[in-house]
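Residue-level structural notes
Chain residues, written in single-letter form:
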Amino acid sequence: MNNNYFLHRNLLEQAVIRLRDRYPLLVYGAFGSGKAFFVDKFVAEYSAANPRVVWARVDFENFSEDSFDSLDAVWKNLIFSVAENVGEDLNRFAEDWEKRTVKLPLQKAAEEFLSDTVNRFGKLVLVLENSHKVIRRENLRNFFDNLRAIAGEIAADSLQLVISMISDVEEVTVLGDGSPLFNASFKVPLTSLDDAQITALLASHSFDDSAATVGRIRNLVGGNLYFINVLLNYLDEARRDVRDALDDLNIRRIFSSDLETIRSMVAKVNGADKVLRRFAERDKISIDFYNLDKIVYNDLAKTGVLVREGVGNDIVYTIQGSVFKSLIGDSDVFLS
Amino acid sequence: MLEAENFQIGGAVRANSLYIERRADDLIIEFVAGATPVGELDRSANGIICIAEPHQSGKTSLYYRAFDKLQAADAKYIYFDVGKIISPDLSEIQWYYALAHQISEDLNLGADKIDMLWDKHNESPATFWSEFVKNFADEKQRIVILIDEFNLTESLEFGFDALFASVAAVGNASLVLLGVFSYYLTGKKSPGFSALQKTVVPLRDFTPKQMRGFAPVLAQFINTDTERTVREIYRWTNGHPYMSQRVCEKIKASFAVNQPPSVDEIVEDLFFREGIYSDVALASTNERFNTFFADSDRREAVLVIYENLLKADGGARAKNDLPENFSTDSVLEDLRVTGLISIDEKSNVRCRNEIYRRIFDDRWIDFKRNAAAQNE
């Protein structure tokens, strides 16, 4: 994939400064907004300027389902992942871990391990990706309380945190209420791409970047960075010209696995059917700030199907594009 | 002492940021020294006090400052953050062992000491703890244990009777327990918790006189009449510490541009653009309200009280003039800890400030009523 990080260059530069100034980072956006790409680029950029930093990247998406059964299970899996990241002998580590956790609560043992690791390496950045998998589980509600307190106990510039998750501004504000960690963090909101950013992406692939092409891509997949990248990479690989190809793409084949992912996310949103049906006849819906269905609209926006725009009391939700419209009922808007 | 150069939004106020002292700063020190004036705090509390305030009220900054002053006064200060160990499965012995571990580290008692007492837990967690306290407490040395985020213990099955009893058992009031809450706990049967939550150090919003402390710091960045600017800020925030700091920080950041926005424009931008979600303090109030007043009867009674406050001449009502239903001290305290109202020294109750008044308005009240009806 081409390096498209000029799209978020300002955010990236600010994030580097803020982590250096000891703020935790919180990268958030809808599914497909480019969080993982941003984190990759951030790690590369920060490492280049701070080569002594040791990174421990833990992706909750890679945890098995039973890892989320209890707080202890998450902490144990997290600590073992960090141990693996920093090159511990896992057999010996497992023995030490058993001894450490006989009397102390497991989180206290985690603090001791992280503290030892920091003492060994000087500076550790813990990157927790797909953190929404933890945040939304009631049985794990104390995880970020633990993490905040542990990071606070270890010297602030020795253990630092980068957290990424599927979320939106409302959820992030509420999380800031429940947790000083989220409240104090530097927020990196990744939003749907605008026309200028889509134009820049097309140009980076040396494709036609006229307003007409931008409009056609937007009609197809909206401003979803991930879907636009999938599309452009497919065209790159097929050596097709974007102007011709957009007329006869087999959209179903290109996006089938991604749409299945979204379909399963949408299925978990209570009341999604009712709200999505309203988009069968139109692409935009305005709702009042106090509309009781707002939470359903917001949850659908997190899946990437809808985009939320507007401020205060004037909120407009737009369906991202015809590809996403295929999720509504039995309508089939795919091209053949 | 460093001259303040910055404002600070959230978190403990740093050394070079503006910190405005309130009565609560002195009260904590006086309480620890056993010199609290009669009437200001319950002297019968016997070594147990608490701070219970909504988010963004300055709790962390307050106890950080208290920490510095107590160190200077030769008191030992132990900071125990419940967040470090909290888990739905936390057992009573794990709680006491972790607390003992923290004290042991902070007082340099050596790890052997708790390990020697470990067998006592077979009798009971309380026995382990009381034996440990006997080993570290010293009548000649005043020790303050600050338990932060105490409200996180809400879901735990066990009470904290052994902890409270140990404070009472140590002679000469040389052991002080300071609990910090961002909301009150309900359903705790422990009498110690009741005592803890009764002896509240009131952390009120800034008075107009205290607000003047912002003016000299603002004067470093802007060249207009800073006293007047501070009065304009106060008109909106009514001395809310975090909101006042936030507005000042924005004024500082905006002043470099050609036509800096007015205080009204800044407030509009900071607190109204995304409605309730414009600001964490506002979002917090909404969330807390939902949690504390989930019961529909209780919610309706509180909404009647709040509606009455919104209509009050001059913005405030005496506590005794509020509608009778549920206007008990505990309900008003719960409402205060959501951040929605403030209660002054003379027991006058008012909507927290003009920002809250505009966000939590008649439409919000209707929304809460409709949401409650829909859930029934």
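Data block above holds the structure.
Residues numbered from 1 in each chain as written. Chains lettered and ligands numbered in written order. Predicted model: local features only at pLDDT ≥ 70, side-chain atom pairs only at ≥ 80, totals over all residues. Heavy atoms only, no water.

1. A short note on the overall build of chain A
When helices and strands are counted, chain A shows 17 helices and eight strands. For 336 residues, the compact-globule estimate of 2.2 N^0.38 gives 20 Å, and the C-alpha radius of gyration of chain A, at 22 Å, lies within 12% of that figure. In chain A, buried positions account for 54% of the 336 residues. Pairs at least 24 residues apart make up 71% of the contacts formed inside chain A by residues separated by at least 6 positions. Separation between the mean location of the 40 positive side-chain charges and that of the 50 negative ones in chain A comes to 2 Å. (Helix = DSSP H or I, 4+ residues; strand = E, 2+ residues; numbered from the N terminus. Rg over C-alpha atoms; globule rule 2.2 N^0.38 Å. Buried < 20%, exposed > 50% of the residue type's maximum accessible area, 1.4 Å probe, protein only. Contact = heavy atoms within 4.5 Å. Lys, Arg positive; Asp, Glu negative; His and termini not counted. Charge placed at Lys NZ, Arg CZ, Asp CG, Glu CD.)

2. Description of the overall build of chain B
Each helix and strand counted, chain B has 17 helices and seven strands in total. Here chain B, with 376 residues, has 53% of them falling under the buried criterion. A total accessible area of about 16,500 Å² is found for chain B, and carbon and sulfur atoms account for 46% of it. (Areas by Shrake-Rupley, 256 points an atom, 1.4 Å probe, with all protein chains shown as cover.)

3. Details of the interface of chain B and chain A
Taken together, the contacts link 42 residues of chain B with 37 residues of chain A. Regarding the contact of chain B and chain A, the summed buried area is about 3,400 Å², with carbon and sulfur atoms giving 55% of it. For Arg148(A), the salt bridge is made with Asp81(B), and the minimal N-O distance between the two is 2.6 Å. Counting across the chain B and chain A interface gives eight residue pairs in polar contact (both at pLDDT 80 or more). Elements with a minimum of two residues in the side of chain B that touches chain A: α3 (92–106), α13 (280–292) and α17 (362–375) of chain B. Sort the elements by how many residues they give to the side of chain B that touches chain A and α3(B) lands first, with six residues. For the side of chain B that touches chain A, a count of residues per class yields 17 nonpolar, 11 polar and 14 charged. (Buried area = accessible area lost by both parts, 1.4 Å probe. Salt bridge = Lys/Arg side-chain N within 4 Å of Asp/Glu carboxyl O. Polar contact = N/O pair within 3.5 Å; in protein donor to acceptor, adjacent residues only side chain to side chain. Nonpolar A, V, L, I, M, F, W, Y, C, P; charged D, E, K, R; others polar.)

4. Describing the sheet that holds strand β6 (residues 284–287) of chain A
Residue and element names in this part refer to chain A. A sheet is described by the order of its strands in space; here three strands give the open sequence β6-β8-β7, paired in antiparallel fashion. One side of each edge strand has no neighbouring strand; the edge strands of this open sheet are β6 and β7 (306–309). Averaged over all pairs of adjacent strands, the angle between their axes in this sheet comes to 25°, without regard to strand direction. Inspection of the sheet shows β7 paired to strand β8 (residues 315–319) by four bridges, in the antiparallel sense. From the neighbouring strand, Arg308 faces β8, where its bridge partner is Tyr317. (Pairing = 2+ DSSP bridges. Axes fitted to C-alpha atoms, helices over the stretch in contact; angles between N-to-C directions.)

5. Some words on the sheet that holds strand β3 (residues 124–129) of chain A
Residues and elements named next belong to chain A. The strand order across the open sheet formed by five strands is β2-β3-β4-β1-β5, and the pairing between neighbours is parallel. Looking at strand neighbours, the two that pair on one side only are β2 (54–59) and β5 (186–190), the edges of this open sheet. Looking at each pair of strands side by side, their axes are set apart by 15° on average, direction ignored. Strand direction decides the pairing type here: β2 and β3, joined by six bridges, are parallel.

Functional significance is not addressed by these values, which are geometric in nature.
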